[in-house]
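Descriptive analysis of the structure
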Amino acid sequence: MIPRCVTPVCALSALRPEQGVAALLPDGSQVAVFLTHEGAVHALDNIDPFSGAAVLARGIVGDRGGVPVVVSPVYKQAFDLRTGVCVDSPSHSVAVHPVRVRDGVVELT
Amino acid sequence: MTLPNNPMQLVVIGHGMVGHRLVEALRAKDVSGTWRIVVFGEEKRPAYDRVALSSYVDTWRSESLELAPLEGADIRLGETVVSVDRERRVVTSASGVEVSYDALVLATGSTPFVPPVPGRDLPGCHVYRTIDDLDAIRETVKSAHGSGRRAGMVLGGGLLGLEAANALRGMGISPHVVELAPRLMPIQVDEGGAGLLKRLVEKLDLTVHTGTSASSIERDGSRLIAKLANGVELDLDVVVFSAGIRPRTDLDLGLELGPRGGYAVDEGCRTSDPDVYAIGECAAIGGTVYGLVAPGYSMAEVVADRLLGGAAEFPGADLSTKLKLLGVDVASFGDAHATTEGALEVVVNNAVAGTYSKLVVSDDAKTLLGGILVGDAAQYAMLRPLVGKEVPAGLLEPGGNAELSLPADAQVCSCHAITKQTITDAICAGVCTDVPTIKACTKAGTGCGSCVPLLKQLLTECGVEQSKALCEHFDHSRAELFEIVRATRVTSFSALVEKHGRGRGCDICKPAVASILASLGNGHVLGGEQASLQDTNDKFLANMQRNGTYSVVPRIPGGEITPEKLIVIGEVARDFGLYTKITGGQRIDLFGATVDQLPQIWRRLVDAGFESGHAYGKALRTVKSCVGTTWCRYGVQDSVGLAIDLELRYRGLRSPHKLKSAVSGCARECAEARGKDFGVIATENGWNLYVGGNGGFTPRHADLIASDVDTETLIRYIDRFLMFYIRTADRLQRTSAWVEGMDGGLDHLRDVIINDSLGICAELEEAMAAHVGGYADEWRGVLEDPEKLARFQSFVNAPGTPDPTISFREERGQKVPVQLGIPEVAR
Ligand code: SRM
Ligand SMILES: Cc1cc2nc3c(=O)[nH]c(=O)nc-3n(C[C@H](O)[C@H](O)[C@H](O)COP(=O)(O)OP(=O)(O)OC[C@H]3O[C@@H](n4cnc5c(N)ncnc54)[C@H](O)[C@@H]3O)c2cc1C
Ligand code: SF4
Ligand code: FES
């Protein structure tokens, strides 16, 4: 799943705080990219493991007890933006993608 | 239900509240069907809520007093029993019907006492006991053509007399209340309390004459002239006698009677004939006749148990009362007059605040015996169950507001004789999680409603998370946050959470705050930071489906649509390959649109004159209509026209939960208005307004709140209702649960919305006017703003590329989603 090469996603300025976007990877998989209120960028697999729908990017971003999370829009489970682990059911998780910002561009590495 | 071959026959004489309860209780307990039940009722309608009789004046609709319909009993309405042959065990009705019995229950209630004043039989003189009595009073008032101020006299200044006076006020009559005793409500209230009560009711246009009585009533042309013993002469349109009641024992069975009338019964409610029982207001139990419904209900339960071989005994009665009329609180409980030997009184009389309270305690000041509260009876619910128990620490100190906790056996709901234990057991068993579920499973709170605040407290005591905190980020309830946002004019979530909360919010508080901001008119729901607060559906102004696609629902006000517009919908659906379905809300849903397609679809729809139907929002959904006068041969008003007006007025209104409405053109109710949050049914004279209806998980019929109003008044009431709901409801609380959980119930709601008891109606109307004036179509707003439009794409790095996980197959000639494989998790 993890792409081998660097994939530019979009300009950092295209991200709105706490509103995710989805990006399509060369292998056809999808990544949800988030900018937090504090300015951190996170990337998770876009597919919600509970529904199978590719929608995590459209979830509400916030925190659970200080842990930054995105809440799946389908059945409302929260996922830790840093680890991909489901806060409501830790045996479930989504893959985390390494992400960086270089020269104002968000890149998956 | 199937009965055993030889069931026994129970005959009940009297279909009042207590007779009704007996049948309910017996049917519930008699699982094997031992008893067949025949009920005779003299009144032409089934038993109704006599306790709430006075509220009939608000609507003149008897439906609002209906009790739960009885099943499994043969009920003969409009049939008076005229004789009972105890030898043959047969009763005979006025029409000559004979029915035999194995057991007989007398539940004949009481008759109003009319003192022997000369002229008491004149037309225009009435009693106050039945719906028919109130209809007759209304007729008299309607036909009285007196010029100038219209006046009435109520003879009797007790609890019922004051209720009757209030009812007259409701009919536009200035009431004179004449009471023989030196003070009002002599049975419940002492001199100090009655003094304040008199001052308070006189402010409400009541004239009080105490220590005197009427010596004659005469007719003078179209007027009635009453002469009082103290020489005062009153010029009147109507007279109502409310001078007490007498147990109704006109059926002469030759049974023993109590010292002050009533069929004498033992602790098992048996009369001197072991096959004959008496319950309710016609029974004298231990020599006492109780004029309240709760002891009657206890007797009904006792007899139901006895008929099935049990040995239940009458548990005694609580004579506490709370009068919630005239806007004046009066409560009296326990030994209110300190008749217990050595009883001490603690009186606080605050003439400035207009409150009076007296607590009666035992000589050692350790036990609470009773009390009287006038002006402010907020403490009543808590104090009443403490009678006979230890005085809580701090209660007797000046201004004392002790932390009160009830013992387990304290009776919390006296209407239904439910103890704290029963309620806490139900809560601890996890059956009850809030006030509506307590009402449903224990009946507590479904009578006069005065114990509802206590029910809430018991939930808290049991550790049921009644914390009003919205979520971990805010300690406030939704209603409190609404007030904060309104008062401080905060316009962003970030500012609100920084000042009044903590953290960065979550899927609970963000949409709730987004809704509050939208209710208060803060521009487009996707404007600036607001977009990050919205639930998925609001974020894309469409409903997300299971495969991540969306459905599109254009508004079709009232369900009325031109052929041209229908064709547009058809064309759009065809061109974008959308599955179409007629919804349950009289409009059309188009399914299977991807995020990228939404703006293109809406461009076509908006150009053709459609706008958002808010199927995605906690907002007004639809106002359904029936065809009404225009086409229907029964219609009495233009239901389609009104439905469209209402839908256009409230479209886009964000609320704690979704809002639905309907308008029916006549009482046949084809639009199902009573299943809606607010429903309107046409009458010959205008409209009836119903509120708090719900389909869904817990269906509830809406309650009538105003009747025969004109369109302008109707809209004013709906404006107020909706804005009051928006201000005070919890997050995701439909109006039905909101009404159910409201302290003071429907009466309170009616008071606020119709009588403006909180003085906020002008504000509520203004808020609605601002909403109506500020409305703009959300989808047009998106199409006109490139920044908002930019969000409607599947992939930020590959605009226009369709989401590869979405695929469709065909079913019945339309496309439907291919179910997604859910690899890791079994749901
Ligand atoms: C489309 C429709 C079914 C249909 O094909 O007819 C529908 C579809 C949904 N209903 Fe409904 N309801 C639809 C009419 C109703 C009705 C009938 C009515 O409105 O007359 C009811 C009962 C009446 C009522 O609400 O009191 C109804 C009671 C519910 C409930 C239960 C609400 C409750 O208070 O118990 C939910 C769940 C909720 O809102 O929490 C619900 C939730 C839903 C959701 C939003 C579920 C969801 O979250 O995905 C469905 C969205 C489907 C979609 O993606 O578009 N739907 N739903 C109807 C849309 C009507 C419209 O034109 O707007
Ligand atoms: C305006 C008003 C306000 C009240 N407020 C309160 C309150 O706040 N709290 C409270 O606890 N109580 C209140 N009450 C009293 C309460 O309504 C009564 O205690 C209760 O209704 C008694 O029920 P019951 O079944 O014994 O008698 P009823 O409800 O009077 O029913 C008796 C029925 O039997 C019928 N009947 C009589 N004889 C025959 C016959 N021979 N054949 C066939 N049918 C017959 C009568 O027509 C009547 O319908 C109020 C009463 C009124 C009028
Ligand atoms: S509710 Fe009445 S007016 Fe409307 S369609 Fe039905 S019968 Fe006709
Ligand atoms: S005390 Fe009347 S409903 Fe509970």
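Structure: above.
Attention in this report is confined to the structure presented alongside it. (Residues numbered from 1 in each chain as written. Chains lettered and ligands numbered in written order. Predicted model: local features only at pLDDT ≥ 70, side-chain atom pairs only at ≥ 80, totals over all residues. Heavy atoms only, no water.)

1. With respect to the interface of chain B and chain A
Taken together, the 41 residues of chain B in the interface contact 38 residues of chain A. Buried area between chain B and chain A, summed over both chains or domains, comes out near 3100 Å², and the portion from carbon and sulfur atoms is 51%. On the chain B side of the interface with chain A, the three residues burying the most area are B:Arg504, B:Asp507 and B:Val796, jointly 19% of the side's total. Counting the contacts that link chain B with chain A gives five salt bridges. A salt bridge links A:Glu18 to B:Lys510; the shortest N-O distance between them is 2.7 Å. Our count for the contact surface shared by chain B and chain A stands at 17 residue pairs in polar contact (both at pLDDT 80 or more). At the level of elements, α13 (509–519) and α14 (536–539) of chain B are the ones that each hand at least two residues to the side of chain B that touches chain A. Its residues assigned to classes, the side of chain B that touches chain A shows 14 nonpolar, 15 polar and 12 charged. (Contact = heavy atoms within 4.5 Å. Buried area = accessible area lost by both parts, 1.4 Å probe. Salt bridge = Lys/Arg side-chain N within 4 Å of Asp/Glu carboxyl O. Polar contact = N/O pair within 3.5 Å; in protein donor to acceptor, adjacent residues only side chain to side chain. Helix = DSSP H or I, 4+ residues; strand = E, 2+ residues; numbered from the N terminus. Nonpolar A, V, L, I, M, F, W, Y, C, P; charged D, E, K, R; others polar.)

2. Thoughts on the sheet that holds strand β4 (residues 41–45) of chain A
All names here are of chain A. Judged by pairing direction, the sheet is antiparallel, and its three strands sit side by side in the order β2-β3-β4 without closing on themselves. Two strands close off the open sheet at either side, each with one partner strand: β2 (21–24) and β4. Sheet twist, expressed as the average angle between the axes of neighbouring strands with direction ignored, equals 30°. Note: β2 against strand β3 (residues 30–35), four bridges, orientation antiparallel. Each bridged residue has a counterpart across the sheet, and for Val 21 the counterpart in β3 is Val 33. (Pairing = 2+ DSSP bridges. Axes fitted to C-alpha atoms, helices over the stretch in contact; angles between N-to-C directions.)

3. Examining the packing of helix α18 (residues 711–728) of chain B against helix α21 (residues 761–774) of chain B
Residue and element names in this part refer to chain B. Here α18 crosses α21 at 90°, and the two axes come no closer than 8 Å. Between α18 and α21, the interaxial angle falls into the category roughly perpendicular. For the pair formed by α18 and α21, the contact residues are Arg 716, Asp 719, Arg 720, Leu 722, Met 723, Phe 724 and Arg 727 on the first element and Cys 761, Glu 763, Leu 764, Glu 765, Ala 767, Met 768 and His 771 on the second. Partitioning the contact of α18 with α21 into residue classes produces seven nonpolar, one polar and six charged. (Parallel < 35°, antiparallel > 145°, perpendicular 65-115°, else oblique.)

4. With respect to the environment of B:Asp607
Residue and element names in this part refer to chain B. Assignment of secondary structure puts Asp 607 in helix α16 (residues 597–607). On the basis of relative accessible area, Asp 607 is assigned to the exposed category, the value being 62%. For the pair Asp 607 and Arg 780, spaced 173 residues apart in the sequence, the C-alpha separation amounts to 9.3 Å. (Buried < 20%, exposed > 50% of the residue type's maximum accessible area, 1.4 Å probe, protein only.)

5. Focus on the environment of B:His473
With respect to the secondary-structure elements, B:His473 resides in the loop between α10 (452–461) and α11 (478–488). Each C-alpha atom, one on B:His473 and one on B:Cys506, is 7.8 Å from the other, the two residues being 33 residues apart in sequence. If we skip the residues at most four places from it in the chain, B:His473 touches A:Asp63, B:Val497, B:Gly501, B:Arg502, B:Gly503, B:Arg504, B:Gly505, B:Cys506 and B:Cys509. Among the polar contacts listed, one links the side chain of B:His473 to the side chain of A:Asp63, at a separation of 2.8 Å.

6. With respect to α11(B)
For an α-helix the count is 3.6 residues per turn, leaving residues at separations of three or four pointing the same way. Within α11(B), burial applies to B:Arg478, B:Ala479, B:Leu481, B:Phe482, B:Ile484 and B:Val485. In the stretch just after α11(B), B:Arg489 is the one whose phi turns positive, near 55°.

7. Remarks on the sheet that holds strand β36 (residues 686–691) of chain B
Residue and element names in this part refer to chain B. With mixed pairing, five strands are arranged side by side in an open sheet as β33-β34-β35-β36-β37. The open sheet has two free edges, formed respectively by β33 (620–625) and β37 (703–709), since each of these has just one partner strand. Shown here is a sheet whose adjacent strand axes are inclined to one another by a mean of 15°, direction ignored. Direction of pairing for β33 relative to strand β34 (residues 659–664): parallel, over a ladder of four bridges. Its bridge partner lying in β34, Leu 620 is registered against Leu 659. Against the sheet, helix α17 (residues 639–650) engages β33, β34, β35 (678–683) and β36, with an angle of about 175° to β33. Here α18 sits on the sheet and contacts β34, β35, β36 and β37; the angle it forms with β36, its principal contact strand, is near 10°.

8. Notes on the pairing of strand β5 (residues 60–64) of chain A
Residues and elements named next belong to chain A. Most of β5 sits inside the fold, with four of its five residues counted as buried. Looking at chain direction, β5 and strand β6 (residues 67–71) are connected through five bridges and run antiparallel. What sits directly across from Arg 64, in β6, is Val 67. From the end of β5 to the start of β6, which pair antiparallel, there are two residues, and Gly 65 there has a positive phi angle of about 55°.

9. Overview of the side chain of A:Asp48
Residues and elements named next belong to chain A. Its location among the elements puts Asp 48 in the loop between β4 and β5. Under the relative-accessibility criterion, Asp 48 is labelled buried at 0%. Within polar-contact distance, the side chain of Asp 48 engages the side chain of Ser 51 at 2.8 Å. There is a polar contact of 3.0 Å between the side chain of Asp 48 and the side chain of Ser 72. Those residues in contact with Asp 48 that lie beyond four places of it in its chain are Ala 53, Val 55, Leu 56, Ser 72, Val 74 and Phe 79.

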